[in-house]
Amino acid sequence: MLLTLPLGLLLLCAPAQEAATTQEPATPIGTPEANTLLLDLSDVVRMAHEKAPALAQARLQALAAEGSVMEADGFFDPVFFADLTYSFIEQPAGGFFSSFGTTKSKSISAGQGIRSRLVTGGNVSLKLNETYNDASYLPDSQADTSIVLEFTQPLLRGAWNLSATQALRQAEYARDRDLAGLRLAGTDVVQAAVDAYWDLAFAYADLRVKEQSLALAVGLRDLTEAKFQVGAVAEVEVVQTEADIASRTDALLTARNTVHRAEDQLRILLFSMDDEADWQVRLRPSEAPPTVNVETVDWRDAFATAREFRADLRQLRLDIDQAQLNWDVAQEATMPKLDFIGTGSFFAQDNQVGNALDSLYDHDFPGYTLGLVFEIPLGNNQFAGAENRTRQQQMLARRVLRDRENEVASEVRDAVRNLNYNAERMTVTATASAVAARQLEAEQRRLAEGASTNFQVLQFQTDLAVAQSQEIQAQMEYAKAVTKLNTVRGLNWDATRPDLADLDDYRPGRQYE
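Nothing here was measured: the structure is a model prediction, and the numbers come from that model. (Residues numbered from 1 in each chain as written. Predicted model: local features only at pLDDT ≥ 70, side-chain atom pairs only at ≥ 80, totals over all residues. Heavy atoms only, no water.)

Caption draft 1: Highlighting the packing of aromatic side chains. As enumerated under the stated definition, the model contains four aromatic pairs in all. Considering the side-chain rings of Tyr197 and Trp198, the 5.0 Å spacing of their centres and the 80 degrees angle between planes classify their relative orientation as edge-to-face. As far as burial versus exposure is concerned, Tyr197 and Trp198 are alike and both buried. A ring pair is formed by Trp299 and Phe303, whose centres lie 6.5 Å apart and whose planes are at 40 degrees; its orientation type is tilted. Here Phe303 and Trp299 lie together in helix α7 (residues 299-309), a separation of four residues that amounts to about one turn. (Phe/Tyr/Trp six-rings, centres within 6.5 Å; stacked < 30°, edge-to-face > 60°. Buried < 20%, exposed > 50% of the residue type's maximum accessible area, 1.4 Å probe, protein only. Helix = DSSP H or I, 4+ residues; strand = E, 2+ residues; numbered from the N terminus.)

Caption draft 2: Representation of the confidence of the model for the protein in the model. Residue-level pLDDT values for the protein average 87, and 89% of them are 70 or greater. Here residues 1-7 scores under 50 on pLDDT; set against residues more than four positions off or in separate chains, the count is 19 contacts. Per-residue pLDDT stays below 50 along residues 9-28; that stretch engages in 37 contacts with residues further than four places along the chain or on separate chains. (pLDDT = per-residue confidence, 0-100. Contact = heavy atoms within 4.5 Å.)

Caption draft 3: Representation of the layout of surface pockets. Roughly 390 Å³ of internal volume is contained in the largest pocket. In terms of lining, the largest pocket is formed by 18 residues, of which the most central are Asn293, Glu295, Val297, Leu419 and Tyr478. Taken together, the residues of the lining of the largest pocket break down into ten nonpolar, five polar and three charged. (1 Å grid on protein atoms, 1.4 Å probe; cavity = no way out; pocket = protein on both sides within 12 Å on 5 of 7 lines; lining within 4 Å. Points joined across faces, edges and corners; volume = space filled by probe spheres on them. Nonpolar A, V, L, I, M, F, W, Y, C, P; charged D, E, K, R; others polar.)

Caption draft 4: Molecular detail of the environment of Thr462. Position of Thr462 relative to the elements: it lies in helix α11 (residues 454-488). According to the relative accessible area criterion, Thr462 is partly exposed, its value standing at 30%. C-alpha separation for the pair Thr462 and Leu440, spaced 22 residues apart in sequence, amounts to 9.5 Å.

Here it is in structure tokens:
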């Protein structure tokens, strides 16, 4: 009678009880424990999004970049300023003032105002000045007040908002780049978690194959020993079976170790590892691998989707925009400096500051100044060199995008090819597994009839175990290939379209060609 289990049961059920000749752990690795966490694929994706270290780092980087935008925007925040000075001077009089004897004077000066940088590249400030002087050689105290408006505006180099907002726009580009990096990190983490999930599922299923293979060898040994006791077979048949059991026990130990390693590889993506108890949780995949989708995927359509949604391509288009900004600013900087300067003021005077302030509202003593400041470097090598450098960097950014798109096209083609390959491999390995099972069953019947030997049966048992492992591996590789195709297309792991509203400015377009 054939002692094999259907492959579906090997993938989902707990393994059979180990043979008495193997050393059994305190708790068999296939037996669910109190701290066992059963996981389906959606659980893995959710936990990876919440706990994966790389994704947590990318989130912090994006938050830091948002702070940089606020910092750069603060460059244009109005600034209130004020100053207050008190001075006292006592000195002997001399010359014409000798009749006054010792002179004493005190003064108080104050100023308050507000100033701000403008997005046009200029500066504006409004200041109120108050001064109070009381000297012993004067009959009355004197208070002066004035209000002054100052304005400076570049007309050529550094003029208008291109140069003035460069730092802010660079911070916004850096923020958007980190947002794309966050999306890219999420995609990479999910792909790694999905791969680790199916690797663990394979490790468990392969462990069950090894357990079943060992159980078959043990059963054959028991049968051979019974025949040996009655003199129906030679002792070499028993020894041969024992040697094969030792080899399969070693394979079982290796498979068990592989399970633990695969668990840790998945664990590190799903837990924060802040608690030592996280290392003790057993992870058990509960989802069966997907069936083959007969729908054919055209790599050209997949590549078009990748150009639309790949976060790394949007990062590179963003780099082009940033390089273009730097080049535009550098071109403007090659012009001469020509700044307009304007000042307007009103002045008032009285014996007290309060009275002088009241007089200031009458606008009796206006004044203004207008002027231009011109400057041009001889040779202009500094700005010409900067223009040449930024122009080449802009061309480099476009070349990097074009080369990366070619690499993405290759990745898409490889993903489509790998998906089709593993789909075909699933069919082939399933057939090979079924044939191996039939061969073993036929050879066991021949052994019962005395027409075969233990060596041949053991060989067919090994062939069956290999075929079953290959079938399981093909199923897991197909499952990983399905997610990989979604990843290289820039889609979510379940083929839904990602939300990239914050990066809509960096879709494919003629400006990036």
